[in-house]
Structures are given as C-alpha cells and as structure tokens.
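# Observations on chain architecture
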Amino acid sequence: MNQKRILVTGGTGFIGSHLCKKLIDMGHYVICLDNNFTGSLKNINELIIDSNKGKSNFEFIRHDITQPILLEVDEIYHLACPASPKAYQYNSIKTIKTNILGTLNSLGIAKRTKAKILLTSTSEIYGDPLISPQNEEYWGNVNPIGVRSCYDEGKRVAETLMIEYKRNHNVDIRIARIFNTYGPKMNRDDGRVVSNFINQILDNKDITIYGDGSQTRSFCYINDMVEGLIKLMDSEKYIGPINLGNPHEITIKNLANKIKDLIIESSSKITYQDLPQDDPTKRKPDIDKAIRNLRWNPLIDLEEGLNSTINYFKMIR
C-alpha cells in the first residue's frame, strides 16, 4: 500500500478522532486540523504522545477551516462542523460559515493539489422527511428559516459546492450523508440522545425525552461509520451522495428503556418535555447504494455498541 498524506478537518471531534486513528493504523500520514470548538485534544491524546515519541505519522494543526490554509495532501476528509443541535445552534452564524467557507477552503486545497476530497454531509439534509426510509434521491423537507437550518441548509449548500467544483474544475469528490452515529469519545455534554440518556441514567437523574418518545432514529456504531467513510473515499466509481447509517430503527422511548436495562443499577425515571422546533419524526436510512456500490453494511448491533459506549462513559466519570 502506498502511504498517503491525508488531511482530516474536524479531526479532534468524535468521528474525526476515530478516523485519524484508523488511517494511521493503515499506514498513512495524517494531518489533523481543528479549532477545538467542539472537538478535544483528549480525543487524540494517544496520537499526540506517539507522534512526540516519533512512533506515528501524525501531526495536529490548530486552525479554523473558515480561514484559508496552504497544505500539500493526497486526500481530504472534510468533517469540520458542529454536529449536535446544542452545538450548532450555540453560534448559528459560525455554523453557516463553517459549512460554506470551510467547504470552499477545503475544496480550494483539493483543487490546487489535485487531492480527492470527501464531505461528511448529514441525514439532516432530509429535514423532517415525508418518506421513510430516506433514499438519496429524496430532496427533503427542510425549513429554510428554522432553528436547525444553519446546519441543515449549510450542509445542503456544502453538497452543492462539492458538485459544482466537480462540474467546473473536475475535482475528485465524495459525499457521505451520515446518519446518527455513536460510540466512545462522544462528548458527554453534546446534547445528543445516546450520550444524554447514558449519562442521565449513570447519574441517577431523570431521563429527558422530548415529545412523546414515538419519534424514531437509527444509530450506527462509530467503527462501522469509519469503515464506510474509508470505503467511499477508496471507491473509484461511486462519488455519492450516499447514505451511511444503520437501518435498524428504534423509537426514542424504547432507546431510553434499552439503555436503562443495560445499566441496571440506575433508579432514573422517564420525564417528558416539549418537542423542539423542526425535530424530525422519522430517521431511517436506505443504504442499498452503500451495500451495492461500496460492499458496506454496518456489523455492530445496537446492544453491543451501547455496552461499549456505556463502559466508556463509566471510565471517564
């Protein structure tokens, strides 16, 4: 295998840090770029230690991708952007800038160096879908002026930028639409449902469900997601957009009960609050294209993944 120089924007985040580790294990040289707005150096601490000892092909650059930067690379995984509603709504204008300016700057590097570039888009581009499961041909049902639109519409514009650089400059692009992903290294305070439920239950606090809990999500374990991203990047024929996620659908209420059953010792009780604006009622990926074109299918079932995630949060308490 030829060693590649690979840039991972958003590399200290949850998914980005796992991706950096996997790429290094595969023998590549990885440049991790992040401003640590939602990421953390703790997520790449092992990689930094090994790098300082001369044991790994890794470097970290603290940089905001909304600002231009000159780098020489073979591939770019563009992950930079807050991904949880709590984080991306905290500074909505910054979220829009990251999606637009950050993608433009990443594409600029790809154009100049003739690097392959993969954008991690999102299932949120489908909005509150009127069909289920969601396939890649579905254009979505998105509120362009809602509280989530800084992220939803930002990612939609990022996809447009990717396609236009392909059409106008023949940049070698890939677009992955990521569905809910979970696992170790999630931020315990990121506001996502898996980390929320696990930590509320571990702390013996009430389990907060928004709405009546009948809304559904599909959860993909981090190892499966990283494998899917790499397979898409390595695909010579298929550029996407392509859904990456686990098609196993579960209601939020059933998820809460499942996590509570796995932790056992908790005395937490479920409480209900109003559903946030534009919160999707359904989220289930159609992954037929990923199965056919990438030979990718998630392998880790929900219980196994939740146990691993629960053990991680117990360890860092």
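Scroll up to find the structure this text is about.
Residues numbered from 1 in each chain as written. Predicted model: local features only at pLDDT ≥ 70, side-chain atom pairs only at ≥ 80, totals over all residues. Heavy atoms only, no water.

### Topic: the packing of aromatic side chains
Throughout the structure, instances matching the rule amount to 7 aromatic pairs. Seen from their ring centres, Tyr-182 and Phe-219 are 6.4 Å apart, and the 85° between their planes marks the pair as edge-to-face. Of this pair, Tyr-182 sits in strand E7 (residues 181-182) while Phe-219 sits in the loop between strand E9 (216-218) and strand E10 (220-221), and the two are 37 residues apart along the sequence. Accessibility expressed as a relative area gives 1% for Tyr-182, which makes it buried. In this structure Phe-219 comes out as buried when scored by relative accessible area, which is 5%. Arranged with centres 5.3 Å apart and planes meeting at 65°, the rings of Tyr-312 and Phe-313 form a pair that is edge-to-face. Each member of the pair, Tyr-312 together with Phe-313, is buried. An aromatic cluster is defined as three or more aromatic residues linked by ring pairs; in this entry it consists of Tyr-126, Tyr-138 and Phe-179. (Phe/Tyr/Trp six-rings, centres within 6.5 Å; stacked < 30°, edge-to-face > 60°. Helix = DSSP H or I, 4+ residues; strand = E, 2+ residues; numbered from the N terminus. Buried < 20%, exposed > 50% of the residue type's maximum accessible area, 1.4 Å probe, protein only.)

### Section: helix H1 (residues 14-25)
Over its 12 residues, H1 extends 17 Å from the first C-alpha to the last, a length consistent with the 16 Å expected when each residue adds 1.5 Å. Among all positions of H1, only Phe-14, Ile-15, Gly-16, Ser-17, His-18, Leu-19, Cys-20, Leu-23 and Ile-24 are buried. Looking at the residues trailing H1, positive phi occurs at Gly-27, about 100°. (Expected span 1.5 Å × (residues − 1).)

### As for the side chain of Arg-217
Here Arg-217 shows up in strand E9. Residue class for Arg-217 comes out buried when judged on its relative accessible area of 9%. The residues touching Arg-217, leaving out its near neighbours within four places in the chain, are Asn-180, His-248, Glu-249, Ile-250, Ile-252, Asp-279, Pro-280, Thr-281, Lys-282 and Arg-283. (Contact = heavy atoms within 4.5 Å.)

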